[in-house]
2 protein chains.
Amino acid sequence: MNQDILNELIVRNDNKIVFIVMDGLGGLPMKDGRTELETANTPNLDKLITKSVCGMLDPASPGITPGSGPGHLALFGFDPLETQIGRGVLSALGVDFELTGKDVAARLNFCTLDGDGKVSDRRAGRIPTETNLKLCEKIRANVKLPGVEYFLMTESEHRAVLVIRGEGLGGNINDTDPQVTGAPPRKAEGEDPASRKSAEIFENFFAQVREVLKDDHPANMVLARGFAKFDPLPTMEDRFGLRSAAIAQYPMYRGLARLVGMSVLPKPDTYQAMWESLQQHYNDYDFFFVHFKKTDSTGEDGNFDEKVKKIEEIDRWVAQVESLNPEVIIITGDHSTPSYLKNHSWHPVPTLLYSKQCRPDRVTTFGERDCNAGGIGRMATKHLMMLAMANALRLKKFGA
Amino acid sequence: MNQDILNELIVRNDNKIVFIVMDGLGGLPMKDGRTELETANTPNLDKLITKSVCGMLDPASPGITPGSGPGHLALFGFDPLETQIGRGVLSALGVDFELTGKDVAARLNFCTLDGDGKVSDRRAGRIPTETNLKLCEKIRANVKLPGVEYFLMTESEHRAVLVIRGEGLGGNINDTDPQVTGAPPRKAEGEDPASRKSAEIFENFFAQVREVLKDDHPANMVLARGFAKFDPLPTMEDRFGLRSAAIAQYPMYRGLARLVGMSVLPKPDTYQAMWESLQQHYNDYDFFFVHFKKTDSTGEDGNFDEKVKKIEEIDRWVAQVESLNPEVIIITGDHSTPSYLKNHSWHPVPTLLYSKQCRPDRVTTFGERDCNAGGIGRMATKHLMMLAMANALRLKKFGA
């Protein structure tokens, strides 16, 4: 949506929007020919859907399987094919690192170099996370980068994240990972002056790491991918005039919420804590992004029955939300994660929108085949925020 | 639709398109959980829909509530977010004024200035329309603008429309309405040379009006908003090769039809007169835009039962049209106006398209929830003209 037009239309009022994301919600039929959502016993969602409008959303574009970044950007109203987040930035968000506008981030892999300086294992034999932690500590103690700050964080196994922070840095830098064994690491080179400045700093870092880790075979070097400068996105306040808060347990989603200027509420350890957080902060914000992770991770495990159970738990959670009487309740996902595929997929995401002024359709059960017949039809996810705004009566008429 | 591609595809033939717009057609469930259209007894529309394809149309974009201008531009095949009509121009259309390419229009409010020249009432106590008419007459008799023509027209109560006509005028001028009381009127200033020329002329007008009305408290001044240069749009003939005529009772819709180059047929006072007009001119045009207003005004009044009755009257009207055997009949709206909201809304508009070569779906009743299941699905309104053209066999194959 054109921001100039949108700015003319936005109304501020007290109507609340509760936007509930079940990560990887959509599935595929397995048992008895039914999907996870169709199998789950969801009396509360089914009751809510009878007074809701529902439909099927394409996060990016038909056929495109989105990662968590694009999936959430679409939910937050961006076109994820136009607004992209660099991989390094996503990795930094994923370890709960608070990026600033002076930061360039990259994903690192510990790797093995042979005697000729060629990569013999791009993942250093998948070292255990504990080894990774020790190596990062050793690097931090010995590698110095004059003129910039740097942050090195363990992710898991051979994976880590590197951020450098300084003035006038760019992120258009090629991967140093050669993608094949038998070749040396590639030299990091910048495409423009700011990126050349960063590339020199990164090359200095890699040279020192090589020296520091020379006796740490198999993890005697690092390879970098996905260099990216962090450019803060326009906030939910800027774009929609919404004071927004995120309730999420996992760092990636807390980071994605921070990326669009949401207040990230203290990390809740349980679903009960998520509910208490929503109640506690209910009067302080207009918009609540509530993120449930387990529907995705059970799907990625191929654990159909566990994904069903997680959906049933969230069904009970949603029933509580109705007692707060928000103007708009949305239940959707950032993408599908069918247990059948054990992976994210391109299938559209079943979605429900409740408000007093929605136009209910004839759907009475929350499921993929049910939502196919819903009043939202099949729509790009990026429009969902506009429907949320309209149903919260937060948009004026366009034109006379 | 890209005009260069379209130009290659257009075929001229004798197939007629009758495009019937029920203003504000879509509704929301109220009585017995049904909408106005679902409640109305529409035997003729229901019969027609069994051999039609139907669906739900978004006039501007999901969540956007369109005014009449954007709603009709979409019906005429424009993207209303890209092609916008200035407020002053719309107001001039609304009083049935025939604009030319030399015109700049603005909306005026009569207002009250206090002894210090500050606005004490932005609407001059909502003076009666008769007072407005007399004041406009007085201004016309006493205010002279050298070098340009001007036209001042009463709208209703404190509202009027001002048009100046001359060479090289622009319309990028700020509102003089300060939007608050206690401040003086703002000075009209142009953003570019042509608009500065207009702004000077308007300032001369306002200075003279202030002198002429000095004893007419509470209506002793005017405030202007929505200055806009009139730029004629490409016509229905230019874009679709259609000789087009409008049958409409209300000035705004006659004006919108004129804006896209339609012949506007003499104003019909009754639905019977609309039918006679259609018959009388049936052989002279390819495309007929027929506009029914009352479905919108009853909706804005929140009068569910009256809106139902108006739909039932139009149902009988449509039955007559079939006797003319047009190649294509379309029944739709420019936006929804649910009686529940007493206002235009963002909800998609139920739409029916009949032709001998449409692909009928399984829908057998014309209603919102029925159209959700239609073969058109949920689509942007701007594409409807292309479906009309295709179904009139007026488009060749694209590419070999």
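Residues numbered from 1 in each chain as written. Chains lettered and ligands numbered in written order. Predicted model: local features only at pLDDT ≥ 70, side-chain atom pairs only at ≥ 80, totals over all residues.

**Q** What's the story with the overall build of chain A in this structure? I'm lost.
**A** For chain A, the helix and strand inventory stands at 14 helices and 13 strands. The C-alpha radius of gyration of chain A comes to 23 Å, within 12% of the 21 Å expected for a compact globule of 400 residues. Looking at chain A as a whole, 52% of its 400 residues qualify as buried. The long-range fraction of contacts in chain A, counting pairs at least 24 apart against all pairs at least 6 apart in sequence, stands at 72%. (Helix = DSSP H or I, 4+ residues; strand = E, 2+ residues; numbered from the N terminus. Rg over C-alpha atoms; globule rule 2.2 N^0.38 Å. Buried ≥ 20, exposed ≤ 12 C-beta atoms within 10 Å, placed from the backbone. Contact = placed C-beta atoms within 7 Å.)

**Q** Whenever I open this one, the interface of chain A and chain B confuses me. Can you help?
**A** Between chain A and chain B, the contact holds 22 residues from the first and 28 residues from the second. When residues of the side of chain A that touches chain B are traced back to their parent elements, those giving at least two are strand S13 (377-380) and helix H14 (384-391) of chain A. Class assignment of the residues belonging to the side of chain A that touches chain B gives a composition of 12 nonpolar, 6 polar and 4 charged. (Nonpolar A, V, L, I, M, F, W, Y, C, P; charged D, E, K, R; others polar.)

**Q** So what exactly am I meant to see when it comes to the sheet that holds strand S11 (residues 328-332) of chain B here?
**A** Whether parallel or antiparallel, the strands of a sheet pair through hydrogen bonds between backbone atoms. Residues and elements named next belong to chain B. Strands sit in the order S9-S8-S10-S1-S11-S12-S2-S13 across an open sheet of 8 strands; the sheet is mixed. The open sheet is flanked by strand S9 (263-264) and strand S13 (377-380), the only strands paired with a single partner. For strand S8 (residues 244-248) and S9, the ladder comprises 2 bridges, and the chain directions are parallel. In the strand pairing of S9, Ala245 is matched with Ser263. Strand contacts of helix H9 (residues 251-259): S8, S9 and strand S10 (287-292), with the helix running at about 175° to S8, the strand carrying the most contacts. (Pairing = 2+ DSSP bridges. Axes fitted to C-alpha atoms, helices over the stretch in contact; angles between N-to-C directions.)

**Q** Help me understand the domain arrangement of chain A, please; the structure alone is not making it clear to me.
**A** Residues and elements named next belong to chain A. According to the domain assignment, chain A contains domain 1 (3-83 + 233-391) and domain 2 (90-229). Look at where the C-alpha atoms of domain 1 and domain 2 centre, and you get two points 35 Å apart. In this assembly, 7 residues from domain 1 lie in contact with 5 residues from domain 2. Here the side of domain 1 that touches domain 2 takes 6 residues from helix H9 (residues 251-259), the largest share from any one element. Split by residue class, the side of domain 1 that touches domain 2 holds 4 nonpolar, 2 polar and 1 charged. (Domains from an automatic or database assignment.)

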